[in-house]
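Reading the structure
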Amino acid sequence: MATVFSGVQPSGDFHLGNYLGAFRNWVAAQGDNEAYFCVVDLHALTLDIDPEELRRRTIDSAVILLAVGLDPEVVTLFVQSHVAEHTRLAWLLECTATMGELSRMTQYKEKAARGEMVRVGLFTYPALMAADILLYQVDEVPVGDDQRQHLELTRDVAIRFNNRYGPTFTVPRATVPKLGARVMDLQHPERKMSKSVDSPMGTVGILDDPGEVQRKVMRAVTDAETTVAYDPERKPGVSNLLELLAVATGVGVEQAAGTYRGYGQLKRDVADAVVALLSPIRERALELGSDLGEVERILSVGAARAREAAAPTYAAAARAIGLTSP
Ligand code: AQP
């Protein structure tokens, strides 16, 4: 049995990329493994977010994670800030990571380039993410492609800590799906679908109603050619649509490409497949949203379980690095 951990920021509306790149694989991993899934609210503070909105989105995020199929009887579902060991370990790790390592993180560079005021937390965020993972002695971290680099840093930090202070952390590995690991924006297929980029027609929300999904997919940017082919470099828009179809229906991308003579039918089929994928999640989320007390109870049980698992690792790391106990 492997130990699995992953997290999501409650920084905006979840989208198809979050679902295909991450959540779907979290659900697949939950049965056979010891699994921890976390709403990483502290990470959302790295960009400006209204306090009320953050509170609301944190609970809404848990609603979506339950709606996609995480079973709180089987997994530990919790909110990052409810387990103090995350920030405590993050400091120890910040003191072992280097400026050079953090400066190389492309997510930091991209997000920093978008904002006027760059918060220190945006820079040190990968050390907190390393703490999130290392606290649970994790073997596998199911993530989308954009998180690979952060996972490499987590591994480097863990290996360095173990070498310098003695064996303390399991060194985790990223598990990235073959298809759906980088769902692209429907209007700007050269960049990934993202919740912190304002692209309403390019981003399919998990909770979009079927009409919205249809509209967005039908207006997706393709290219001036007419041939349906899978070639992400040369035909990013069409390739993105083919990948969505493949991942939603289980048909291979090449096989799907061979089926179509024009973009219109491809778009119609992608829209139908995505609607079929998201509709049950939307319905379940609406049901769960009517009993937020139950969602809060689930998060509270999850936090207690997570604390129990995290405390011994933090204590071991603190002891190893030379801190005394109270
Ligand atoms: N476009 C994507 N395709 C596939 N996977 C994706 N993920 C995010 N975007 C895509 C995966 O979703 C998980 C949760 O990510 P996150 O929300 O914590 O942060 P992120 O990776 O930075 O995603 P966003 O949507 O771009 O959020 P913001 O804009 O808030 O930073 C991760 O496993 C991620 O790989």
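This structure is a prediction, so every number in the text was calculated from the model and none was measured.

1. Things to note about the site of the ligand
What surrounds the ligand is a group of 24 residues, the closest being Ser11, Lys111, Asp146, Lys195 and Ser196. Side-chain polar atom of Lys192 to an oxygen atom of the ligand: 2.7 Å apart, as the coordinates give it. Protein chains bury 98% of the 630 Å² of accessible surface belonging to the ligand in isolation. Looking at the shell around the ligand, the elements with two or more residues in it are strand S1 (3-8), helix H1 (16-29) and helix H6 (106-114). When residues of the shell around the ligand are assigned to their parent elements, the largest contribution, four residues, is made by H1.

2. Describing the packing of aromatic side chains
Within this structure, the stated rule accounts for nine aromatic pairs. Judged by centre distance (5.0 Å) and plane angle (75 degrees), the rings of Tyr108 and Phe123 are edge-to-face. On the criterion of sequence distance, the pair formed by Tyr108 in helix H6 and Phe123 in helix H7 (residues 120-134) is long-range, its members being 15 residues apart. Each member of the aromatic cluster is reached from another via a ring pair, and the members are Phe5, Tyr36, Phe78 and Tyr136.

3. Describing the packing of H1 against helix H12 (residues 263-288)
Viewed as axis vectors pointing N to C, H1 and H12 meet at an angle of 85 degrees, and their least axial separation amounts to 12 Å. The orientation of H1 with respect to H12, classified from their angle, is roughly perpendicular. Contacts from Leu16, Tyr19 and Leu20 of H1 reach H12 at Val274, Leu277, Leu278 and Ile281. Of the residues in the contact of H1 with H12, the class split is seven nonpolar, no polar and no charged.

4. A word on unusual backbone geometry
One non-glycine residue, Gln137, adopts positive backbone phi at about 50 degrees. Among the secondary structure elements, Gln137 is positioned in the loop between H7 and strand S4 (140-142).

5. Section: helix H10 (residues 236-249)
For H10, with 14 residues, the first-to-last C-alpha span of 20 Å sits near the 20 Å given by 1.5 Å per residue. Buried residues dominate H10, accounting for 11 of its 14 residues. Of the residues making up H10, those classed as buried are Gly237, Val238, Ser239, Asn240, Leu241, Leu242, Glu243, Leu244, Leu245, Ala246 and Val247. In this structure, the buried side of H10 is in contact with H1, helix H9 (210-218), helix H11 (253-259) and H12. Immediately downstream of H10, the backbone of Gly250 shows phi near 85 degrees, a positive value.

6. Digging into H9
Along an α-helix, residues three or four apart share an orientation, since each turn contains 3.6 residues. Buried within H9 we find Val213, Lys216 and Val217. For H9, the angular spread of buried residues about the axis comes to 95 degrees, placing them on one side. Where H9 is buried, its residues contact H10 and H12.

7. Structural notes on the environment of Val238
With respect to the secondary-structure elements, Val238 resides in helix H10. Look at Val238 and you get buried, because its relative accessible area is 0%. In sequence terms Val238 and Glu101 are 137 residues apart; their C-alpha atoms lie 36 Å from each other. Residues contacting Val238, with those up to four places away along its chain left out, are Thr222, Asp223, Val228, Ala229, Tyr263 and Leu266.

How each quantity is defined
Per-chain numbering applies: the sequence of each chain, read as written, is numbered from 1 onward. Only residues with pLDDT of at least 70 get local features here, since the model is predicted, and only at 80 or more are side-chain atom pairs given and counted; chain-wide, interface and lining totals rely on the full set of residues. Based on all heavy atoms of the structure, the side-chain values leave hydrogens and waters out of the count. Throughout, the term near means that a residue has one or more heavy atoms lying within 4 Å of the molecule or strand in question. The definition of a polar contact used here is a pair of N or O atoms within 3.5 Å, where within protein one atom must be able to donate a hydrogen and the other to accept one, and adjacent residues in sequence count solely through side-chain atom pairs. Computed by Shrake-Rupley with a 1.4 Å probe, the accessible areas treat only the displayed protein chains as cover when residues are assessed. A run of H or I in DSSP becomes a helix once it reaches four residues, and a run of E becomes a strand once it reaches two; helices and strands are each numbered from the N terminus. Between the rings of Phe, Tyr and Trp (Trp by its six-membered ring), a pair exists once the centres lie within 6.5 Å; its type follows the angle of the planes, with under 30 degrees stacked, over 60 edge-to-face, and the other angles tilted. The axes used here are C-alpha line fits, helices contributing only the stretch in contact, and every angle between their N-to-C directions lies in the interval 0 to 180 degrees. Here roughly perpendicular refers to angles of 65 to 115 degrees, roughly parallel to angles under 35, roughly antiparallel to angles over 145, and oblique to all remaining angles. Only heavy atoms matter for contacts: two residues are in contact if any of them lie within 4.5 Å across the pair. Under the scheme applied here, ten amino acids are nonpolar (Ala, Val, Leu, Ile, Met, Phe, Trp, Tyr, Cys and Pro), four are charged (Asp, Glu, Lys and Arg), and all others, including Gly, are polar. The span you would expect from a helix comes to 1.5 Å times its residue count less one. Throughout, exposure labels follow a simple rule: accessible area from a 1.4 Å probe, protein chains only, divided by the maximum for the residue type, with under 20% read as buried, over 50% as exposed, and the rest as partly exposed. An arc is given here, and it is the one of the directions from the helix axis to the C-beta atoms.

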